[in-house]
Amino acid sequence: MSHTTSSIIMVPPNDFGFNPETAQDNEFQQKTEAPHYLIKESALEEFTLMVNQLRDHHVEVLLLNKHHGDPDMPDAVFPNNWFCTRHNGNIDLFPMKTSNRRAEVRPEALKKLLSHNGYQITDVNDYRDSKGAFLEGTGAMIFDHRHTKAYAALSERCDSHLLAEYNKQRGYDTVSFNSSSTQDKAFYHTNVMMSVGEQFAVICLESIKDQQQRAAVETSLKQDQKHIIEISLEQAEKHFCANLIQLRNLKNEPLIVLSESAYHGFSKEQRQKLEAHGKLVPCDIHTIETIGGGSARCMIAENFLPKQ
(Lines give C-alpha, C1' and ligand atoms only; values in the text may rest on other atoms or scores of the structure.)
Protein backbone atom coordinates (compact mmCIF):
# COMPACT_ATOMS: atom_id res chain seq x y z
CA MET A 1 0.00 0.00 0.00
CA SER A 2 1.34 3.39 -0.94
CA HIS A 3 2.17 5.82 1.86
CA THR A 4 2.09 8.89 -0.37
CA THR A 5 -0.12 10.36 -3.08
CA SER A 6 0.18 12.86 -5.93
CA SER A 7 -3.44 14.02 -5.60
CA ILE A 8 -4.70 16.26 -2.80
CA ILE A 9 -7.82 18.19 -1.83
CA MET A 10 -7.60 21.76 -0.55
CA VAL A 11 -10.28 24.23 0.54
CA PRO A 12 -9.96 27.99 -0.14
CA PRO A 13 -10.10 30.17 3.01
CA ASN A 14 -13.14 32.17 1.88
CA ASP A 15 -14.37 32.90 5.43
CA PHE A 16 -10.96 32.75 7.11
CA GLY A 17 -10.56 34.43 10.47
CA PHE A 18 -9.80 33.86 14.14
CA ASN A 19 -12.02 31.04 15.43
CA PRO A 20 -12.87 31.59 19.13
CA GLU A 21 -14.48 28.12 19.39
CA THR A 22 -11.29 26.24 18.49
CA ALA A 23 -9.07 28.69 20.41
CA GLN A 24 -10.26 27.08 23.65
CA ASP A 25 -7.80 24.21 23.19
CA ASN A 26 -5.58 25.41 20.34
CA GLU A 27 -2.96 27.59 21.99
CA PHE A 28 -1.29 28.44 18.68
CA GLN A 29 -4.06 30.68 17.37
CA GLN A 30 -3.22 34.36 17.74
CA LYS A 31 -5.73 37.15 17.62
CA THR A 32 -4.64 40.31 15.80
CA GLU A 33 -6.04 43.81 15.56
CA ALA A 34 -6.02 43.71 11.75
CA PRO A 35 -9.45 44.17 10.12
CA HIS A 36 -11.19 40.95 9.11
CA TYR A 37 -11.28 41.73 5.37
CA LEU A 38 -7.48 42.22 5.33
CA ILE A 39 -6.87 38.94 7.17
CA LYS A 40 -9.12 37.13 4.71
CA GLU A 41 -7.40 38.80 1.75
CA SER A 42 -3.94 37.77 2.99
CA ALA A 43 -5.08 34.20 3.66
CA LEU A 44 -6.57 33.87 0.17
CA GLU A 45 -3.39 35.25 -1.37
CA GLU A 46 -1.20 32.80 0.58
CA PHE A 47 -3.52 29.92 -0.31
CA THR A 48 -3.49 30.72 -4.05
CA LEU A 49 0.30 30.95 -4.09
CA MET A 50 0.59 27.60 -2.29
CA VAL A 51 -1.80 25.89 -4.73
CA ASN A 52 0.15 27.28 -7.69
CA GLN A 53 3.43 26.20 -6.13
CA LEU A 54 2.17 22.65 -5.65
CA ARG A 55 0.79 22.50 -9.18
CA ASP A 56 4.14 23.75 -10.48
CA HIS A 57 5.67 20.77 -8.69
CA HIS A 58 3.27 18.45 -10.58
CA VAL A 59 0.87 17.73 -7.73
CA GLU A 60 -2.81 17.42 -8.60
CA VAL A 61 -4.68 19.92 -6.41
CA LEU A 62 -8.48 19.56 -6.33
CA LEU A 63 -10.30 22.56 -4.87
CA LEU A 64 -13.42 22.07 -2.78
CA ASN A 65 -15.10 25.44 -3.20
CA LYS A 66 -17.79 27.08 -1.12
CA HIS A 67 -21.33 26.93 -2.47
CA HIS A 68 -24.07 29.49 -2.22
CA GLY A 69 -25.88 29.06 1.09
CA ASP A 70 -22.98 27.35 2.89
CA PRO A 71 -22.54 28.70 6.43
CA ASP A 72 -19.54 30.70 7.65
CA MET A 73 -16.51 28.41 7.99
CA PRO A 74 -13.49 30.22 9.49
CA ASP A 75 -11.35 27.03 9.58
CA ALA A 76 -12.41 25.45 6.26
CA VAL A 77 -8.81 25.81 5.01
CA PHE A 78 -7.92 22.81 7.27
CA PRO A 79 -9.99 20.01 5.66
CA ASN A 80 -7.83 17.08 6.79
CA ASN A 81 -9.74 16.96 10.09
CA TRP A 82 -13.18 16.07 8.79
CA PHE A 83 -12.48 13.38 6.22
CA CYS A 84 -9.90 11.00 4.86
CA THR A 85 -9.85 8.87 1.71
CA ARG A 86 -8.69 5.28 1.36
CA HIS A 87 -7.11 3.13 -1.34
CA ASN A 88 -10.23 0.93 -1.42
CA GLY A 89 -12.48 3.79 -2.57
CA ASN A 90 -13.84 4.63 0.87
CA ILE A 91 -14.27 8.08 2.35
CA ASP A 92 -14.38 8.33 6.16
CA LEU A 93 -16.14 11.25 7.89
CA PHE A 94 -15.01 12.22 11.39
CA PRO A 95 -16.66 13.82 14.44
CA MET A 96 -15.40 17.38 14.97
CA LYS A 97 -15.27 19.03 18.37
CA THR A 98 -16.65 22.50 17.61
CA SER A 99 -20.01 23.28 16.04
CA ASN A 100 -18.68 25.83 13.55
CA ARG A 101 -16.20 23.25 12.26
CA ARG A 102 -18.93 20.62 11.88
CA ALA A 103 -20.40 22.91 9.23
CA GLU A 104 -17.33 22.15 7.07
CA VAL A 105 -18.40 18.53 6.65
CA ARG A 106 -19.90 18.52 3.15
CA PRO A 107 -19.83 14.93 1.90
CA GLU A 108 -22.01 15.56 -1.16
CA ALA A 109 -19.82 18.40 -2.42
CA LEU A 110 -16.71 16.28 -1.77
CA LYS A 111 -18.13 13.25 -3.60
CA LYS A 112 -19.09 15.43 -6.54
CA LEU A 113 -15.60 16.96 -6.75
CA LEU A 114 -13.85 13.60 -6.62
CA SER A 115 -16.10 11.71 -9.04
CA HIS A 116 -16.06 14.67 -11.45
CA ASN A 117 -12.25 14.33 -11.51
CA GLY A 118 -12.44 10.62 -12.32
CA TYR A 119 -12.08 9.07 -8.86
CA GLN A 120 -14.00 6.04 -7.75
CA ILE A 121 -16.02 6.20 -4.51
CA THR A 122 -17.10 2.83 -3.15
CA ASP A 123 -18.50 3.82 0.20
CA VAL A 124 -18.82 6.69 2.69
CA ASN A 125 -18.31 5.67 6.34
CA ASP A 126 -19.81 8.19 8.74
CA TYR A 127 -18.26 8.11 12.22
CA ARG A 128 -19.92 11.32 13.36
CA ASP A 129 -22.54 9.93 15.70
CA SER A 130 -19.97 9.63 18.46
CA LYS A 131 -21.99 10.72 21.51
CA GLY A 132 -19.84 13.68 22.45
CA ALA A 133 -16.44 12.11 21.73
CA PHE A 134 -14.20 13.39 18.94
CA LEU A 135 -11.60 12.07 16.51
CA GLU A 136 -10.40 14.76 14.14
CA GLY A 137 -9.08 12.80 11.17
CA THR A 138 -5.45 13.11 10.14
CA GLY A 139 -4.99 15.93 12.61
CA ALA A 140 -5.57 13.44 15.42
CA MET A 141 -4.04 10.38 13.72
CA ILE A 142 -0.73 10.18 11.92
CA PHE A 143 -0.96 7.20 9.60
CA ASP A 144 1.91 5.05 8.48
CA HIS A 145 0.02 3.31 5.68
CA ARG A 146 2.92 1.13 4.67
CA HIS A 147 3.15 -0.43 8.14
CA THR A 148 -0.60 -0.09 8.93
CA LYS A 149 -0.05 1.96 12.07
CA ALA A 150 -1.69 5.07 13.49
CA TYR A 151 0.17 7.34 15.90
CA ALA A 152 -2.00 9.54 18.10
CA ALA A 153 -1.60 12.03 20.94
CA LEU A 154 -4.72 11.83 23.11
CA SER A 155 -6.60 15.11 23.55
CA GLU A 156 -10.09 16.61 23.57
CA ARG A 157 -10.05 16.06 19.80
CA CYS A 158 -8.68 12.53 19.94
CA ASP A 159 -10.77 10.20 22.10
CA SER A 160 -8.98 6.98 23.06
CA HIS A 161 -12.03 4.71 22.59
CA LEU A 162 -12.98 6.14 19.19
CA LEU A 163 -9.35 5.94 18.16
CA ALA A 164 -9.02 2.27 19.12
CA GLU A 165 -12.36 1.38 17.52
CA TYR A 166 -11.62 3.19 14.26
CA ASN A 167 -8.18 1.63 13.82
CA LYS A 168 -9.48 -1.81 14.72
CA GLN A 169 -12.07 -1.52 11.93
CA ARG A 170 -9.40 -0.30 9.59
CA GLY A 171 -6.95 -3.04 10.54
CA TYR A 172 -4.32 -0.63 11.84
CA ASP A 173 -2.28 -0.86 15.05
CA THR A 174 -2.70 2.12 17.39
CA VAL A 175 0.31 3.75 19.03
CA SER A 176 -1.25 6.28 21.41
CA PHE A 177 0.38 8.51 24.01
CA ASN A 178 0.05 11.79 25.89
CA SER A 179 1.85 14.82 24.55
CA SER A 180 1.96 18.28 26.07
CA SER A 181 3.21 21.76 25.25
CA THR A 182 5.50 24.12 27.14
CA GLN A 183 2.35 25.33 28.93
CA ASP A 184 1.69 21.72 29.96
CA LYS A 185 -1.48 21.56 27.86
CA ALA A 186 -2.26 18.59 25.62
CA PHE A 187 -1.42 19.36 21.99
CA TYR A 188 -4.77 19.87 20.26
CA HIS A 189 -3.66 17.71 17.30
CA THR A 190 -0.97 15.06 16.93
CA ASN A 191 0.21 16.57 13.65
CA VAL A 192 1.54 19.60 15.55
CA MET A 193 4.17 17.42 17.23
CA MET A 194 4.86 14.66 14.69
CA SER A 195 4.69 13.63 11.05
CA VAL A 196 5.60 10.35 9.39
CA GLY A 197 6.93 9.94 5.86
CA GLU A 198 7.85 6.84 3.87
CA GLN A 199 11.23 6.48 5.57
CA PHE A 200 11.38 9.29 8.12
CA ALA A 201 9.57 10.79 11.09
CA VAL A 202 9.77 14.33 12.40
CA ILE A 203 8.83 14.24 16.07
CA CYS A 204 8.98 16.30 19.24
CA LEU A 205 9.86 13.51 21.66
CA GLU A 206 10.30 15.91 24.59
CA SER A 207 6.56 16.62 24.47
CA ILE A 208 5.91 12.99 25.50
CA LYS A 209 6.66 13.31 29.21
CA ASP A 210 5.96 9.68 30.15
CA GLN A 211 9.22 7.76 29.61
CA GLN A 212 7.49 4.46 28.79
CA GLN A 213 5.21 6.06 26.21
CA ARG A 214 8.15 7.89 24.68
CA ALA A 215 10.18 4.68 24.46
CA ALA A 216 7.22 2.84 22.88
CA VAL A 217 6.83 5.50 20.16
CA GLU A 218 10.57 5.53 19.45
CA THR A 219 10.73 1.72 19.33
CA SER A 220 7.79 1.55 16.93
CA LEU A 221 9.41 4.06 14.55
CA LYS A 222 12.79 2.32 14.74
CA GLN A 223 11.18 -1.08 14.10
CA ASP A 224 9.95 0.30 10.79
CA GLN A 225 13.40 1.72 9.98
CA LYS A 226 12.24 5.32 10.17
CA HIS A 227 14.96 7.94 10.12
CA ILE A 228 13.99 10.01 13.21
CA ILE A 229 14.44 13.78 13.01
CA GLU A 230 13.89 15.03 16.52
CA ILE A 231 12.68 18.58 17.06
CA SER A 232 12.35 20.72 20.19
CA LEU A 233 9.14 22.04 21.74
CA GLU A 234 10.10 25.50 20.50
CA GLN A 235 10.43 24.22 16.93
CA ALA A 236 7.04 22.50 17.16
CA GLU A 237 5.22 25.40 18.78
CA LYS A 238 6.79 28.49 17.24
CA HIS A 239 7.61 27.19 13.77
CA PHE A 240 5.23 24.25 13.12
CA CYS A 241 8.27 22.12 12.17
CA ALA A 242 6.33 18.86 12.63
CA ASN A 243 3.35 20.00 10.57
CA LEU A 244 4.61 18.86 7.18
CA ILE A 245 3.63 16.20 4.67
CA GLN A 246 5.41 14.00 2.18
CA LEU A 247 3.81 13.61 -1.24
CA ARG A 248 4.95 12.01 -4.49
CA ASN A 249 4.17 14.10 -7.53
CA LEU A 250 2.82 12.89 -10.87
CA LYS A 251 6.40 12.14 -11.95
CA ASN A 252 6.77 9.96 -8.83
CA GLU A 253 9.29 12.35 -7.26
CA PRO A 254 9.14 12.72 -3.45
CA LEU A 255 8.23 16.17 -2.14
CA ILE A 256 7.99 17.47 1.41
CA VAL A 257 5.51 20.32 1.79
CA LEU A 258 5.99 22.64 4.76
CA SER A 259 5.63 26.28 5.71
CA GLU A 260 8.41 28.83 5.31
CA SER A 261 8.34 29.22 9.08
CA ALA A 262 9.01 25.48 9.50
CA TYR A 263 11.69 25.56 6.80
CA HIS A 264 13.57 28.34 8.61
CA GLY A 265 12.81 26.79 12.01
CA PHE A 266 14.85 23.66 11.23
CA SER A 267 18.59 23.72 11.83
CA LYS A 268 20.77 23.35 8.74
CA GLU A 269 21.60 19.79 9.76
CA GLN A 270 17.92 18.84 10.25
CA ARG A 271 17.04 20.38 6.92
CA GLN A 272 19.71 18.27 5.19
CA LYS A 273 18.34 15.13 6.85
CA LEU A 274 14.87 16.02 5.63
CA GLU A 275 16.10 16.78 2.10
CA ALA A 276 17.39 13.20 1.86
CA HIS A 277 13.71 12.17 1.72
CA GLY A 278 12.36 14.58 -0.87
CA LYS A 279 12.51 18.04 -2.36
CA LEU A 280 11.42 20.62 0.20
CA VAL A 281 8.56 22.87 -0.91
CA PRO A 282 8.31 25.74 1.61
CA CYS A 283 5.11 27.82 1.36
CA ASP A 284 4.56 31.26 2.81
CA ILE A 285 1.39 30.83 4.86
CA HIS A 286 2.20 33.23 7.69
CA THR A 287 -1.35 34.63 8.14
CA ILE A 288 -3.00 31.21 8.05
CA GLU A 289 -0.49 29.82 10.58
CA THR A 290 -0.64 32.75 12.99
CA ILE A 291 -4.40 33.27 13.11
CA GLY A 292 -5.55 29.74 12.27
CA GLY A 293 -3.06 27.95 14.50
CA GLY A 294 -2.42 25.27 11.88
CA SER A 295 0.14 24.88 9.11
CA ALA A 296 0.90 23.19 5.77
CA ARG A 297 -0.06 19.64 6.79
CA CYS A 298 -3.44 20.80 8.13
CA MET A 299 -4.26 22.41 4.77
CA ILE A 300 -3.81 19.21 2.78
CA ALA A 301 -6.21 16.29 2.61
CA GLU A 302 -4.67 13.37 0.71
CA ASN A 303 -6.61 11.68 -2.06
CA PHE A 304 -5.91 7.93 -2.10
CA LEU A 305 -9.03 6.97 -4.08
CA PRO A 306 -8.56 4.77 -7.15
CA LYS A 307 -9.16 6.22 -10.61
CA GLN A 308 -12.43 5.15 -12.28
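Next up on the list: the overall build of the chain. On a plain count of helices and strands, the chain comes out with 10 helices and 15 strands. Compactness check: the chain gives a C-alpha radius of gyration of 18 Å against a globular reference of 19 Å for 308 residues, within 12% of the reference. The principal-axis extents of the C-alpha atoms in the chain amount to approximately 50 × 45 × 45 Å. A buried classification covers 58% of the 308 residues belonging to the chain. Considering only contacts within the chain whose residues lie at least 6 apart along the sequence, 75% involve residues at least 24 apart. When the accessible surface of the chain is summed, it comes to about 12900 Å², and 47% of that surface belongs to carbon and sulfur atoms. Where the 32 positive side-chain charges of the chain centre and where its 41 negative ones centre are 3 Å apart.

As for its placement among the helices and strands, G137 is situated in helix α4 (residues 137-140). The exposure class of G137 is buried, given its relative accessible area of 0%. Linking G137 and A301, residues 164 residues apart in sequence, is a C-alpha distance of 9.7 Å. Residues in contact with G137, not counting those within four places in the same chain, are N80, N81 and F94.

With that out of the way, let us pick up the sheet that holds strand β9 (residues 194-196). Pairing in this open sheet of 3 strands is mixed, and the strands run β9-β10-β11 from one edge to the other. The outermost strands of the open sheet, each flanked by one partner alone, are β9 and β11 (227-230). Put simply, the sheet's adjacent strands are angled 10° from each other on average, direction ignored. In the sheet, strand β10 (residues 200-203) pairs with β11 via 4 bridges, with the strands oriented parallel. Note on β11: the bridge partner recorded for I203 is E230. Sitting on the sheet, helix α9 (residues 268-275) is in contact with β10 and β11, with an inclination near 150° to β11.

Further remarks concern the pattern of salt bridges. Under the criterion given, the structure shown has 13 salt bridges. R157 is paired through a salt bridge with E136; the nearest N and O atoms lie 3.3 Å apart. Here the residue R157 occupies a position in the loop between β7 (149-153) and α5 (160-170), and E136 occupies one in the loop between β5 (123-126) and α4, the gap between them amounting to 21 residues. By relative accessible area, E136 is classed as buried at 1%.

Backbone geometry places D184, a non-glycine residue, at a positive phi of 65°. By secondary structure assignment, the location of D184 is in the loop between β8 (173-177) and β9. Residue classification places D184 among the exposed residues on the basis of a relative accessible area of 58%.

Let us now look at the side chain of E104. Among the structural elements, E104 can be located in the loop between α2 (99-102) and α3 (107-116). Look at E104 and you get buried, because its relative accessible area is 1%. If we ignore the near neighbours within four places in the chain, the residues touching E104 are M73, D75, A76, F78, W82 and M96.

Attention now moves to the packing of aromatic side chains. Applying the stated rule across the entire model yields 6 aromatic pairs. Considering the side-chain rings of F94 and Y166, the 5.3 Å spacing of their centres and the 70° angle between planes classify their relative orientation as edge-to-face. Within this pair, whereas F94 is found in the loop between β4 (90-93) and α2, its partner Y166 is found in helix α5, the two being separated by 72 residues in sequence. Look at F94 and you get buried, because its relative accessible area is 0%. Given the relative accessible area of 2%, Y166 is considered buried. In this structure, R170 is placed above the aromatic ring of F143, and the distance from its NZ or CZ to the ring centre is 4.5 Å. Here the guanidinium or amino end of R271 rests over the ring plane of Y263, the centre of that ring lying 4.5 Å away.

What counts as what
- Residues numbered from 1 in each chain as written.
- Predicted model: local features only at pLDDT ≥ 70, side-chain atom pairs only at ≥ 80, totals over all residues.
- Heavy atoms only, no water.
- Helix = DSSP H or I, 4+ residues; strand = E, 2+ residues; numbered from the N terminus.
- Rg over C-alpha atoms; globule rule 2.2 N^0.38 Å.
- Buried < 20%, exposed > 50% of the residue type's maximum accessible area, 1.4 Å probe, protein only.
- Contact = heavy atoms within 4.5 Å.
- Areas by Shrake-Rupley, 256 points an atom, 1.4 Å probe, with all protein chains shown as cover.
- Lys, Arg positive; Asp, Glu negative; His and termini not counted.
- Charge placed at Lys NZ, Arg CZ, Asp CG, Glu CD.
- Pairing = 2+ DSSP bridges.
- Axes fitted to C-alpha atoms, helices over the stretch in contact; angles between N-to-C directions.
- Salt bridge = Lys/Arg side-chain N within 4 Å of Asp/Glu carboxyl O.
- Phe/Tyr/Trp six-rings, centres within 6.5 Å; stacked < 30°, edge-to-face > 60°.
- Lys NZ or Arg CZ within 6 Å of the ring centre and 35° of its normal.

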